[in-house]
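The primary structure of each chain is shown beneath.
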Amino acid sequence: MTYDTIIRNGRWFDGTGAPSQLRHVGIRDGRVAAVSAEPLDETGCPDVVDATGRWVLPGLIDIHTHYDIEVLDGPSLAESLRHGVTTVFLGSCSLSTVHVGGSDAGDLFGRVEAIPRKHVLRAVDAHKNWSGPADYVAALEQLALGPNLAAFIGHSDIRVATMGLDRATRADVRPTRAELDRMTNMVADAIDAGFVGMSSQQLLFDKIDGETCRSRTLPSTYAKPAELRRLKTLLRRSGRVLQSGPDISNPLNLLSQLAQSVGLFRAKLKTSLLSAADIKANPLAIRVAGPLARLVNSLGGDFRWQHLPVPFEVYADGIDLVVFEEFGSGAAALHLSEEVARNELLRDEKYRRRFRKDYDTKFGTRVWHRDFFDAEIVACPDPRVIGKTFGQVGLDRGLHPVDAFLDLVVEYGTAVRWRTTISNHRPEVLRKLAADPGIQLGFSDAGAHLRNMAFYNFGLRLLRHVVDAERAGRPFLSVEQAVHRLTGELADWYDIDAGHLRVGDRADVVVVNPDALDDTLDGYAESPVAQYGGLSRMVNRNDAAVDAVLVAGRAVFRAGEPTALLGVQRTGQFLPAGRRSAAPARAAG
């Protein structure tokens, strides 16, 4: 018996949470052909990976990305692959490119996801040769995909394609019966094509780019209950997932999204809600996330929070950061895309008084803590301020922190680069969240916010946290449980053929060096994005932690370097929901 690849003598994890074991893994035709306690016959095998002292894991799954644009011109999606992520989900936060054209896609993605609008428009218009979900899947599979893809259909996508961007973003306009029928058919077609479900969004500080409807909230936020019920009915009947983000300023909206999962005299609705985070601005909120999920599920629901299992550290160039959208003065500045007009506003004393009032207001729900003493300057043409917070600069200059910030932004614009941690800053809370069954691990936003954050290696960072806790005698998850949470648990819930490493399973594999799960995982790095005109993107670089990454049994990364296959030949594929292979035996031999 010959194999295409043998992974020899590694600590093998099957993705179910079962105990890991030293095993030899044989791969043939893109599937696991053998998992053996005894060495496999290597005769004629062209690729033997020595995994002694290494972990052999199922490829990790990222359930929340915005790769919808990047995948068109850069289908290798190497920044995720290099960290062991072999399956990514498209279509999050109501945004997909299944139906809209380039101009509308530019308006939808450009501001809220901080992907330059001109590149969105060009990529979609250059590639779009599809007219619906099935054609979209076929078009993706014509690309040299690196990882596997799964997808949500975006509510804002179908709303704009049906109603037009202007009508879809007016509070006094509802879809006609024919338009609602068309949207319903679009969701039904996506379900038939194997999409995992629909993403929607009710969060009110996600804003539209462009000129026509600039600064209106995303189209899905204008949907009324009747429209939402109609579309959710399809998800209930098919067992597919609703991914959504609540209007955090409206507790009733949050409670209704929780309650909808239960069903009550109708099918339950699988719901994945954004997000469970230990927010600095509201440290008590996280205490209710787990109990709420457990309550909903105990009543017959199927509800999960999405959660990023690492500190949510963000960077910003000047005032260009989405969290400024959540209060009036910040949104007013971001509404102005032209630098001269924006700087004129930032200089205006009446505007500054408004900003100071927003900054000093301590009441109300918020994401950003609005504390410029917790915002460190990391780059600036004036070297005297580097390493200081805006609050400290204000003290040095006898200014309110807001005035210190605005003065620097007016003088240096985007050359002022700074960072802060918005949430997930308490390790003990992260440990509790990582072990909570009502919480899913993901929410990387990979492919978006290119200058603001990099969580491509969130899975490796969770594994590091688990190992460090074990060594300190304070375990909160076993390594097997953590691997399951990052792989098989997600694949099973979304019903896709991924996340396991048993005989007969897809051979999506990452070989991890546990000794290199160290502080390099937290390092800052940047790399240009060719398809975005060389824009420098924040990335992660911890190549010693991952020895090899295989997709469908074919090596795409080795020791931090892409193989000759990546970006040239297709290794990944679209994984349709509900079409998994039969569960195989756990081991052979």
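Use the structure listed above.
Throughout, a residue's number is its position along its own chain's written sequence, starting from 1. Only residues with pLDDT of at least 70 get local features here, since the model is predicted, and only at 80 or more are side-chain atom pairs given and counted; chain-wide, interface and lining totals rely on the full set of residues. Derived side-chain values reflect all non-hydrogen atoms in the structure, with water molecules and hydrogen atoms excluded from consideration.

## Observations regarding the overall build of the protein
Next, step 1: Note on conventions: DSSP H or I runs of at least 4 residues are helices, E runs of at least 2 residues are strands, and numbering of each starts at the N terminus. Across its full length, the protein carries 20 helices and 22 strands.
Next, step 2: Restricting the calculation to C-alpha atoms gives the radius of gyration, and the globule rule supplies 2.2 Å times the number of residues raised to the power 0.38. Scaling as 2.2 N^0.38, a compact globule of 589 residues should have a C-alpha radius of gyration of about 25 Å, and the protein matches this with 24 Å.
Next, step 3: Relative accessibility thresholds used throughout: buried, under 20% of the residue-type maximum; exposed, over 50%; partly exposed, between the two (1.4 Å probe, protein chains only). Counting every position in the protein, which comprises 589 residues, the buried fraction comes to 61%.
Next, step 4: In this analysis, two residues are considered to be in contact whenever any of their non-hydrogen atoms come within 4.5 Å of each other. For the protein, restricting intrachain contacts to residue pairs at least 6 apart in sequence, the fraction spanning at least 24 positions comes to 76%.
Next, step 5: Approximately 21,700 Å² of the protein is accessible, and the part contributed by carbon and sulfur atoms is 52%.
Next, step 6: Averaging the locations of the 70 positively and 73 negatively charged side chains of the protein gives two centres separated by 5 Å. Throughout, the Shrake-Rupley method with a 1.4 Å probe supplies accessible areas, and for residues the shown protein chains are the sole cover considered. Under the convention used here, Asp and Glu are negative, Lys and Arg are positive, and both His and the chain ends fall outside the count. Think of each charge as sitting on NZ of Lys, CZ of Arg, CG of Asp or CD of Glu.

## Notes on the sheet that holds strand S15 (residues 417-423)
Pairing between the strands of a sheet comes from backbone hydrogen bonds, and it takes one of two forms, parallel or antiparallel.
Next, step 1: In this description, strands pair whenever DSSP reports at least two bridges between them. Strand order in the open sheet formed by three strands is S13-S15-S14, with antiparallel pairing between adjacent strands. Where the open sheet ends on each side, the last strands, each with one partner, are strand S13 (312-317) and strand S14 (376-379). Going from strand to strand, the sheet's axes swing by 35 degrees on average, the running direction of each strand aside.
Next, step 2: Here S14 runs beside S15; their pairing, made up of three bridges, is antiparallel. If you follow isoleucine 377 over to S15, its bridge partner there is tryptophan 418. Structural elements are reduced to axes, namely lines fitted to C-alpha atoms, with helices fitted over the stretch in contact, and the angle between N-to-C directions of any two is expressed from 0 to 180 degrees.

## So, helix H18 (residues 458-471)
Next, step 1: Here, expected helix span is obtained from the residue count minus one, scaled by 1.5 Å. For H18, which comprises 14 residues, the first-to-last C-alpha distance of 20 Å matches the rise-based estimate of 20 Å (1.5 Å per residue) to within 8%.
Next, step 2: Among the residues of H18, Phe458, Gly459, Leu460, Arg461, Leu462, Leu463, Arg464, His465, Val466, Val467 and Ala469 are the ones counted as buried.
Next, step 3: Glycine 473 occupies a position one or two residues after H18 and carries a positive phi of about 80 degrees.

## Regarding the nonpolar core
Next, step 1: What makes a nonpolar core is a set of buried Ala, Val, Leu, Ile, Met, Phe, Trp, Tyr and Cys residues whose side-chain atoms join them at distances within 4.5 Å. Phe195, Phe324 and Phe355 are the most contacted members of the largest nonpolar core, which totals 146 residues.
Next, step 2: Boundaries between domains were set according to an automatic or database domain assignment. Lining this core are residues from two domains, each supplying at least three of them: domain 1 (59-311 + 424-495) and domain 2 (314-422).
Next, step 3: The residues touching phenylalanine 195, leaving out its near neighbours within four places in the chain, are Val98, Pro133, Tyr136, Val137, Ala151, Phe152, Ile153, Ala190, Arg240, Phe574 and Ala577.

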